[in-house]
Amino acid sequence: MAEEEGLPLLDVRHLSVSLQTREGVIRPVSDVSFTIGRGEAVALVGESGSGKTLTGLSLLGLFPPGATVPSGQILFEGQDLLALDATAFRRIRGQRISMIFQEPQSALNPVLTVGTQMRELFKSHVDLPDLRVREEVIDRLRSAGLPDPERVSRSYPHQLSGGMRQRVMIAMAIALDPRLVIADEPTTALDPTVALQILSLLSSIRETRTKGLLFISHDLAHVRRVSDRVLVMYAGRIVEASPARRFFGTGPLHPYSRALLSSRPEGAGGGRRDTPLPAIRGQVPPLWDLPPGCAFAPRCSQADDRCRTEAPPWQTEGESGALCFYPDLSPPGEPRHVA
Ligand SMILES: Nc1ncnc2c1ncn2[C@@H]1O[C@H](COP(=O)(O)OP(=O)(O)O)[C@@H](O)[C@H]1O
Ligand SMILES: [Mg+2]
C-alpha cells in the first residue's frame, strides 16, 4: 500500500462504545478522539475502569457482547475500520494492528508449543513455504530478545518464565510486521527488572519494526520511559492530551493529570513493581451515575459551580489540550486559577 504521507497512522474520531448493564446503559468509551503519528509512541493512562482496555480493543474491532458503537470513526492509514466487514477487520487484526495483553498466559495456548502457535499465526495470514515460516518464527523470537530462540520455539508456555512468555507475546505481536502495536499493561505481571527490560524492548521495537505504539499503562514512571505523547483517560473520556516533554516537564494541563503526577512518590524511577496510580481523594464515579458537569469535579480541588453543572470544553495550548474549564495554561509557579 502506498504510504500516504501527512495522514496520521491512526486517527480516532469521536469514538463512543455503549454497553447495556444491569444498572443501565453505560458509555465506557465516550467521544474519544486521538491520533497516533507514524513512528510515534502514545501512552494511554488512567485509573482502573477508565476505559483504556476497551479503547484498545475497539481498535481491533473486538467489542464485548452487546456493545454498540453509537458514534465514531477509526481511521487507520486513512481507512475507516468501523466500516469494514468482519472478515476484512480480521485480516487487519494481527497483520497490521496487533495487541500485547497484560497476562500472556491467557493469550497463549497452553497445549501448543510456542513454535506451533507462531507458525499458525504466519500461515493464517501469509502464504510462505514452511521453511521460510520457521526462519521467520526464529527471527521474531530473537527480535523479542529471547537468547535461545530454537529452544523457546520447542517449549510449551508453562516451561517459560513470566518474562519470557511476555517476550513470546511480543514476538507474536510483531510477527507480521504490523504498523501499529497496542500494549495493554504489558508489565503488570512481571517483576521490576524484567518489566524494565520489556519496556526498553517495546521502545526499540517501535523504532525498528513498527510504525506506532499505543502503550496502555497506569504507571507514570513507565509512561515516561516509553511515550512521546500522553493521553489521560477518566470515566471513559480523554481529559488530556499532551506531549510527554510538556507533561513531565512544565506539567500537564488538567487538574486530574496534575494530581496523578504530584502524588507519585518523589524520585520514583523505574525499578519498582508496577504501582497502581496513587490515591487521589474520592473515587471514580460509576459510569451509570455520572455527575452532570465534569466527571472529575467531585474530586477536584479547583471545581466551582460551573464544573459541577456544565460539560467542560476542550481547551488547547500549543500541542496540549484538556477537557476542563480551568486548565493550567500558565507558566510554572503562576497558577491561573486558584481554588
Ligand atoms: N464486557 C463488559 N461488560 C460490562 N462492562 C464492561 C465490560 N468490559 C468493561 N466494562 C466496564 O467498562 C469500564 C471500562 O473498562 P476497561 O476498559 O477494562 O477499563 P481499564 O482498562 O481502564 O481498567 C469499566 O467500568 C468496566 O467495568
Ligand atoms: Mg485495562
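Residues numbered from 1 in each chain as written. Chains lettered and ligands numbered in written order. Predicted model: local features only at pLDDT ≥ 70, side-chain atom pairs only at ≥ 80, totals over all residues. Heavy atoms only, no water.

### A short note on the side chain of H218
Inspection of the secondary structure puts H218 in the loop between β8 (212-217) and α9 (220-226). Of the residues examined, H218 reaches a relative accessible area of 16% and is grouped as buried. (Helix = DSSP H or I, 4+ residues; strand = E, 2+ residues; numbered from the N terminus. Buried < 20%, exposed > 50% of the residue type's maximum accessible area, 1.4 Å probe, protein only.)

### A few points about the nonpolar core
Counting 97 residues, the largest nonpolar core has L10, F34, L141, V168, L214 and F215 as the members making the most contacts within it. The biggest single contributor to this core is helix α7 (residues 162-173), with 7 residues. Among residues more than four places away in sequence, those in contact with F215 are V42, A43, L44, A183, P186, L199, L202, H222, V223 and V226. (Core = buried A, V, L, I, M, F, W, Y, C linked by side-chain atoms within 4.5 Å. Contact = heavy atoms within 4.5 Å.)

### Topic: the packing of helix α4 (residues 114-125) against α7
A pair of packed helices is characterised by two quantities: the angle between their axes and the separation of those axes. Packing of α4 against α7 brings their axes to within 10 Å, and their N-to-C directions diverge by 20°. Between α4 and α7, the angle is such that the two are roughly parallel. As for how α4 packs across α7, the hand of that crossing is right-handed. Along the contact surface, α4 presents V114, Q117, M118 and L121, while α7 presents V168, A171 and M172. Per-class residue counts for the contact of α4 with α7 are 6 nonpolar, 1 polar and no charged. (Axes fitted to C-alpha atoms, helices over the stretch in contact; angles between N-to-C directions. Parallel < 35°, antiparallel > 145°, perpendicular 65-115°, else oblique. Left-handed = near helix turned anticlockwise from the far one by under 90°. Nonpolar A, V, L, I, M, F, W, Y, C, P; charged D, E, K, R; others polar.)

### Details of the sheet that holds strand β3 (residues 40-45)
Ordered by their spatial adjacency, 8 strands build an open sheet running β6-β7-β8-β3-β9-β10-β12-β11, and the pairing between neighbours is mixed. The strands lining the two open edges of the sheet, one partner per strand, are β6 (97-100) and β11 (314-317). Between one strand and the next, the sheet's axes are offset by a mean angle of 20°, whatever the strand orientation. Bridge count for β3 against strand β9 (residues 229-234) is 4 bridges, and the pairing is parallel. Each residue of the ladder has a partner; that of V42, found in β9, is R229. Helix-sheet contacts for helix α1 (residues 52-59) involve β3, β6, β7 (180-184), β8 and β9, and the interaxial angle to β8 is about 155°. With respect to the sheet, α7 is in contact with β6 and β7, its orientation differing from that of β6 by roughly 175°. (Pairing = 2+ DSSP bridges.)

### Things to note about helix α5 (residues 130-143)
With 14 residues, α5 should cover 20 Å at 1.5 Å per step; its first-to-last C-alpha distance of 20 Å lies within 8% of that length. Taken residue by residue, α5 has V133, E136, V137, I138, R140 and L141 as its buried positions. Taken together, the buried residues of α5 touch α4, α6 (149-154) and α7. Remark: G145 follows α5 within two positions and exhibits a positive phi of approximately 80°. (Expected span 1.5 Å × (residues − 1).)

### Observations concerning the pairing of β7
For β7, a buried count of 5 out of 5 residues is recorded, marking the element as mostly surrounded by other parts of the structure. Judged by which residues are buried, β7 turns out to be covered on both faces: L180, I182 and D184 on one side and V181 and A183 on the other are all buried. Direction of pairing for β6 relative to β7: parallel, over a ladder of 4 bridges. From the neighbouring strand, I100 faces β7, where its bridge partner is A183. With 5 bridges joining them, β7 and β8 adopt parallel strand pairing. Residue pairing for β8: V181 is matched across the bridge by L213. Chirality of the crossover, the property in question, places the unit of β7, helix α8 (residues 192-208) and β8 among those that are right-handed. (Right-handed = clockwise from strand over helix to strand, strands pointing away.)

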